[in-house]
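# Commentary on secondary and tertiary structure
So the chains spell out like this:
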Amino acid sequence: MDWSLVLNWAFVIALFTAAIRLAVPVLLATLGEIVTERSGVMNLGLDGVMVVGGVSGFLVAYFLQGGPLAGISQWLGLLAGAAAGMLMGLIVAVFAVTLRADQVITGVTLVVFGHGVGNYIYRQQFSSLTARTNGLPVFEVPLLSRIPVIGDILFKHDATVYITVLLVLLVWFFLSRTTWGLNIRSVGENPGAGETSGLRVAAVRYGATLIGTALAGFGGAVLTVVQLRMFREGIMGGRGWIAVALVIFARWKPELALVGALLFGLADAVQYRIQALSQVGRGAGTIPYEFLLMLPYVLTILALLARSNRRGQVQAPEVLGRPYVKGEL
Amino acid sequence: MTAVKIEKARTGQSGALPWLITLGAPLIGVAAGLFIGALLILLAGADPIKAYTAMMNGAFGGKRQIEETLLKTAPLLLMGLGLTAAFRARVWNIGGEGQYYIGALAGGAIALNFADQWPRFILIVAMLLAGALGGALWAALAAFLKIRRGINEIISTLMLNYIAILFIEYMARGPMQEPGGYLPESAQFAAAARMPALSGSRIHIGVLVALLMIPVVYALLWSTPLGFRLRAVGSRSSVARYAGIKVERLILFALMFSGGLAGLAGIIEVSSLHTRLKGGISGDYGFSGILVALLGRMHPVGVAVAALFFAALTIGAQSMHVLYQLPVTLAGVVQAVVVLCVLAADAIAHGKLHRGQ
């Protein structure tokens, strides 16, 4: 392997820029799942939510980009992704909160459901896989983007990257500094006490689930509308599951989710960049690309290993995944 | 409300449901699933009655169709039976897909290397055993991560799916590629290394192996101490611990058993249908297997019926696609909706039982 191809500024800048971009969809889903799980609801259907968000966003963006709404079509696509995510979230909440069904079983079933619905909708609309959305332009932050290296890596992205960073702050603030956030956390720690002090546990959990799935659906749409600008089966690549893992890695904290998602993004970026190098036929082909593609999944297991201990997940919300029955303490 | 009832509600565990619900919920689920499927067919601009007729004919319309459906039932049945044992212990193996691939690889390695050296009987038995062992060991990785490091098996088995599939794709493109071949696939299995078919039909012994597993899993769960412990751990692991059951060993067994059956499904499918190692050799069996186990109420006989139903949907959807250009993925949607309806019916019945009295 010719190291001079890798050890130069152009490669490093390209690598980290891609890492930040690729972190975005999974980070959005992770943030969403943190909000949901803090309320005590475990939404394992996240990957299905992302697929449904991704296909809905893609279709809206694609079909509007030729019409009078072309200017805002991509944004409408992203919003449609979030809305579709919330529709899935409604199903999640009905099962987890109202019906008090087993959240592991319904979660896994909802993933299969989401994939099936997503693929069905896409295949029903398109017979080929050549449809592309326009995506969003790169927005260079004035002045800051002119800082050497750092400006290139941090301040030359499409708007969804900046929005996601704001959302990390927002979710952190929401959960730790607002009454709504406090309510969500208290029904996740001790729903009985919450109810005694006047909280409607079911309503709070519905809210937290809908917020979470809106973010996951948005994340799925960012991937299909803005980043890959296409949809196909299996396009999510298990990002929803990786987000579920990152929630544990981040110990249910938004700020740590940022770190975890960037690690995932870096693994994904390494994989893309090295593949790009070998395709140009400039050496570096010694590592089979299948092993590069494995990186994000191996990293996910390693990340959990690094944060694990024999006694399991200590900082999980107290009643995570457990349905609430009135009067139970 | 008594303490037991609270405990049941707390874990979300469906306790003993009356038989009416055990049998009624799947029927309601199937009706609801087909109804939603009909709506999707209408949306696609086709006639649901005609489409479903095509589906029925495609799955059961003649000897060839019935054989096709039975062949499709085998891998679903194996997956569903293995997961039945695991889910009974509340061990959530969702890595069936990866275990299937590794099973296909392990059994396939035997097929490619020893087909001309070993007697056919030994060859086939060795392939099946290697497939089961491969799947079991791949699942054991997740068990190890859970027992030693407390890592949730849902996440680890899922990540291992991707790793396994990519590994097979690498092997098929690299070390195991057909000598002189251009495609990313291994050489074709020799005739001796394909599942022997019953005379006069396409049904092969893999289907029989799958059917044989029905009584095996039944006996395991209800006639052995091991099965009792699996079910005890699943119902209440705290109680199981007090009763002196070593939960760790059961987790290992549950994962390896379900992984083993998944691996068996892998080598059976690859040596009868694909006859080569390559990517894309599973029809998402790892995930449909989960739904089969749930729809079959985690009971071997129920699982057999559910596997047949899922196979018929999948095979029938192909005729629907040919005749009315409906996407084959419709089958997947109907399957998931059926199971969601069953889960909802269970939860409602369960809530009524424990609230009303």
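Criteria and cut-off values
- Sequence positions are assigned chain by chain, starting from 1 and proceeding in written order.
- Starting at A for chains and at 1 for ligands, labels are handed out in the order in which the entities are written.
- With pLDDT at 70 or above as the cut-off, local features in this predicted model cover only qualifying residues; side-chain atom pairs require 80 or more to be listed or tallied, and sums for whole chains, interfaces and linings still use all residues.
- A helix here means a DSSP run of H or I that spans at least four residues, while a strand means a run of E at least two residues long, and both kinds are numbered starting from the N terminus.
- Values of the radius of gyration come from C-alpha atoms, whereas the globule rule sets the reference at 2.2 Å times the count of residues to the power 0.38.
- Counting other C-beta atoms within 10 Å of each residue's C-beta, where C-beta atoms are placed from the backbone, gives the exposure class: buried for 20 or more, exposed for 12 or fewer, partly exposed between.
- Contact between two residues is assigned whenever their backbone-derived C-beta positions fall within 7 Å.
- Side-chain classes follow a simple rule in which Ala, Val, Leu, Ile, Met, Phe, Trp, Tyr, Cys and Pro form the nonpolar group, Asp, Glu, Lys and Arg form the charged group, and the remainder, Gly included, forms the polar group.

### Things to note about the overall build of chain B
From N to C terminus, chain B includes 14 helices and zero strands. For chain B, whose C-alpha radius of gyration is 21 Å, the value lies close to the compact-globule estimate of 21 Å for 357 residues. For chain B, with 357 residues in total, the buried portion stands at 55%. Sequence-distant contacts, at least 24 apart, represent 79% of the contacts inside chain B between residues at least 6 apart.

### What about the overall build of chain A?
Within chain A one finds twelve helices and two strands. Mapped from its N terminus to its C terminus, chain A presents α and β elements in the order α-α-α-α-β-α-β-α-α-α-α-α-α-α. Expected size for 329 residues packed as a compact globule is a radius of gyration near 20 Å; at 20 Å, chain A falls within 12% of this value. On the principal axes, the C-alpha backbone points of chain A span a range of 65 × 50 × 40 Å. Among the 329 residues that make up chain A, the fraction classed as buried is 53%. Of the contacts formed within chain A by residues at least 6 apart in sequence, a portion of 81% connects residues at least 24 apart.

### Side note on the interface of chain A and chain B
Taken together, the contact pairs 44 residues of chain A with 41 residues of chain B. For the side of chain A that touches chain B, the elements supplying multiple residues, two or more each, are helix H4 (103-125), helix H10 (239-249) and helix H12 (289-306) of chain A. By residue number, the principal contributor to the side of chain A that touches chain B is H4 of chain A, which donates 14 residues. Broken down by class, the residue content of the side of chain A that touches chain B amounts to 25 nonpolar, eleven polar and eight charged.

### Looking at unusual backbone geometry
Not every positive phi belongs to a glycine, and Arg100 of chain A is a case in point at roughly 55°. Positionally, Arg100 of chain A belongs in the loop between helix H3 (73-98) and H4. Looking at Arg100 of chain A, the number of C-beta atoms within 10 Å reads 20, which means it is buried. Unusually for a residue other than glycine, Gln325 of chain B sits at a positive phi of about 55°. Looking at the element boundaries, Gln325 of chain B is found in the loop between helix H13 (300-324) and helix H14 (330-356).

### Some words on the environment of Arg231 of chain B
Residue and element names in this part refer to chain B. With respect to the helices, strands and loops of the structure, Arg231 is situated in helix H9 (residues 225-235). For the pair Arg231 and Ala86, spaced 145 residues apart in sequence, the C-alpha to C-alpha distance is 9.4 Å. In this view, Arg231 contacts Arg88 and Leu221; residues no more than four positions away in its chain are not counted.

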